Amino acid sequence: MEILRIAIAGSVGAGKTSLIRTISEIEAVDTDKNSTDELALLKTKTTVALDFGLLTLVPNQVVHLYGTPGQPRFDFMWDILIRQVQACILLVDAHRPEHFHYGTQILDFVNQRVQIPILIGLTHTDYPRTVEPEKIAIALGLPNLNHQPPLIAVNPTQKASIIEALNLIIPKII
Ligand SMILES: Nc1nc2c(ncn2[C@@H]2O[C@H](COP(=O)(O)OP(=O)(O)O)[C@@H](O)[C@H]2O)c(=O)[nH]1
Ligand SMILES: [Mg+2]
């Protein structure tokens, strides 16, 4: 059995839990709990440990998806996880520019530790008043869209959209 491990990163509300829940064949392990702090204003539940989902590509080849907590105070988990995965999808909420700096922090964090393919998935692009991909790339410190890592729109609530994203990154790790 070959296991491809992919980390799903991103700020609070970016869509990590939704992505894993939408695509997983098994009931995604739900570690969300009710927010009790300032995050409660943003959403009623927040990921405190790890989301886990599983997807079979072909018999004997599965993808494990690990959703990492979006809150910087849990970053110690990142340090362990990032060394165990072969790729990382960074979700960036295109309609919350105040969270872009967190994406930059994650990119720095990953690149300082491992050399793995990264895909940037812009979420909430169906909302009005989203920031354009080119501007998000610049905010993330990636001024040239032709360079790596690739940046595409992903809707974590739609299976087809997630499969599109996975199709871009999985060939790089098999
Ligand atoms: N309309 C829309 N809703 C989204 C999108 N991505 C995430 N959401 C919603 O945003 C909320 C927060 O997503 P969640 O997966 O809990 O974020 P997490 O904190 O990264 O785990 C949920 O209600 C999702 O359904 C998107 O691209 N479009
Ligand atoms: Mg979550």
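Described in the following lines is the structure provided in the data block. Every chain is numbered independently, its residues counted from 1 as its sequence is written. In the order they appear in the text, chains get letters beginning with A and ligands get numbers beginning with 1. Per-residue local features of the predicted model are confined to residues with pLDDT of at least 70, and side-chain atom pairs are confined, for both listing and counting, to 80 or more; whole-chain, interface and lining totals are unaffected and use all residues. Only hydrogens and water are set aside when side-chain values are computed; all heavy atoms of the structure are taken into account.

1. Overview of the pattern of salt bridges
Consideration 1: Note on definitions: salt bridges are taken to be side-chain nitrogens of Lys or Arg within 4 Å of carboxyl oxygens of Asp or Glu. Enumeration according to the criterion identifies 4 salt bridges in this entry.
Consideration 2: Its salt-bridge partner being Arg83, residue Asp79 comes within 3.0 Å of it at the nearest N-O pair.
Consideration 3: Only protein chains enter the accessibility calculation, which uses a 1.4 Å probe; a residue is then buried when its area is under 20% of its type maximum, exposed when over 50%, and partly exposed in between. Owing to a relative accessible area of 29%, Asp79 belongs among the partly exposed residues under this scheme.
Consideration 4: Each of the salt bridges in this network shares a partner with another, and the network as a whole consists of Asp79, Arg83 and Arg113.

2. Description of the sheet that holds strand 8 (residues 151–153)
Consideration 1: When DSSP finds two or more bridges between a pair of strands, those strands are recorded as paired. Working definition: helices are DSSP H or I runs of at least four residues, strands are E runs of at least two. Numbering for both runs from the N terminus. Ordered by their spatial adjacency, 6 strands build an open sheet running 4-5-1-6-7-8, and the pairing between neighbours is mixed. With one partner strand each, in any of the chains shown, strand 4 (51–58) and strand 8 form the two edges of the open sheet. The average undirected angle you get between the axes of adjacent strands in this sheet is 25°.
Consideration 2: When strand 4 meets strand 5 (residues 61–67), the two strands line up antiparallel, connected through 7 bridges. Considered in strand 5, the bridge of Thr56 is made with Val62.
Consideration 3: Against the sheet, helix 1 (residues 16–23) touches strand 1 (2–10), strand 4, strand 5 and strand 6 (87–93), its axis set at about 40° to strand 4. Axis lines are fitted to C-alpha atoms, over the contacting stretch for helices. Their N-to-C directions set the angle, which ranges from 0 to 180 degrees. Here, two residues are considered to be in contact whenever any of their heavy atoms come within 4.5 Å of each other.

3. A word on the environment of Ala7
Consideration 1: Inspection of the secondary structure puts Ala7 in strand 1.
Consideration 2: Setting aside its immediate chain neighbours within four residues, Ala7 contacts Tyr66, Leu81, Val85, Ala87, Cys88 and Ile89.

4. Comments concerning the nonpolar core
Consideration 1: Among buried residues, those of type Ala, Val, Leu, Ile, Met, Phe, Trp, Tyr and Cys that are joined through side-chain atoms within 4.5 Å constitute a nonpolar core. Counting residues in hydrophobic clusters, the biggest one holds 28 residues, and the most contacted among them are Trp78, Ile82, Val92, Val110 and Ile120.
Consideration 2: Listing elements by their share of this core, those giving two or more residues are strand 1, helix 2 (75–81), strand 6, helix 3 (100–113), strand 7 (118–123) and helix 4 (133–139).
Consideration 3: Per-element tally for this core: the top contributor is helix 3, with 6 residues.
Consideration 4: If near-sequence neighbours (up to four positions away) are discounted, Val92 is found in contact with Phe100, Ile120, Gly121, Leu122, Thr123, Ile136 and Leu140.
Consideration 5: Within the second largest apolar cluster, 22 residues are counted, among which are Ala87, Leu91, Leu119 and Ile169.

5. Some details on helix 5 (residues 159–169)
Consideration 1: Where helix 5 is concerned, the buried positions are Ser161, Ile162, Ala165, Leu166 and Ile169. Down the axis of helix 5, the sector holding all buried residues measures 135°, keeping them to one side. Away from the buried face of helix 5 by more than 90 degrees, exposed residues Ala160, Glu164 and Asn167 are located. Each C-beta atom gives one direction from the helix axis, and the arc is the one those directions make.

6. Quick notes on the pairing of strand 1
Consideration 1: Alignment of strand 1 against strand 5, held across 7 bridges, turns out to be parallel. Directly across from Ala7, in strand 5, lies its bridge partner Tyr66.
Consideration 2: Taken together, the 5 bridges between strand 1 and strand 6 define a ladder with parallel strand orientation. In the sheet register, Ile6 faces strand 6, and the bridge partner there is Ala87.

7. Some thoughts on unusual backbone geometry
Consideration 1: The phi dihedral of His124 falls on the positive side, at around 60°, and the residue is not glycine.
Consideration 2: The residue His124 is located in the loop between strand 7 and helix 4 in this model.
Consideration 3: The class for His124 is buried, based on a relative accessible area of 17%.
Consideration 4: With a phi close to 60°, Arg129 is a non-glycine residue in the positive phi region.

8. Regarding the packing of aromatic side chains
Consideration 1: For this analysis, a ring pair means two rings from Phe, Tyr or Trp (six-membered ring only for Trp) whose centres lie within 6.5 Å, classed as stacked if their planes differ by under 30 degrees, edge-to-face if by over 60, and tilted for the remaining angles. Under the counting rule described, the total for this entry stands at 2 aromatic pairs.
Consideration 2: For the ring pair Phe52 and Tyr66, a centre distance of 5.4 Å and an interplane angle of 45° mean the geometry is tilted. Remark: Tyr66 occurs in strand 5 and Phe52 occurs in strand 4; sequence separation between them is 14 residues. Neither Phe52 nor Tyr66 differs from the other in exposure class; each is buried.
Consideration 3: Ring geometry for Trp78 and Phe109: centres 5.7 Å apart, planes at 75°, overall edge-to-face. Taken as a pair, Trp78 in helix 2 and Phe109 in helix 3 lie far apart in primary sequence, 31 residues in all. The burial state of Trp78 is the same as that of Phe109; both residues are buried.

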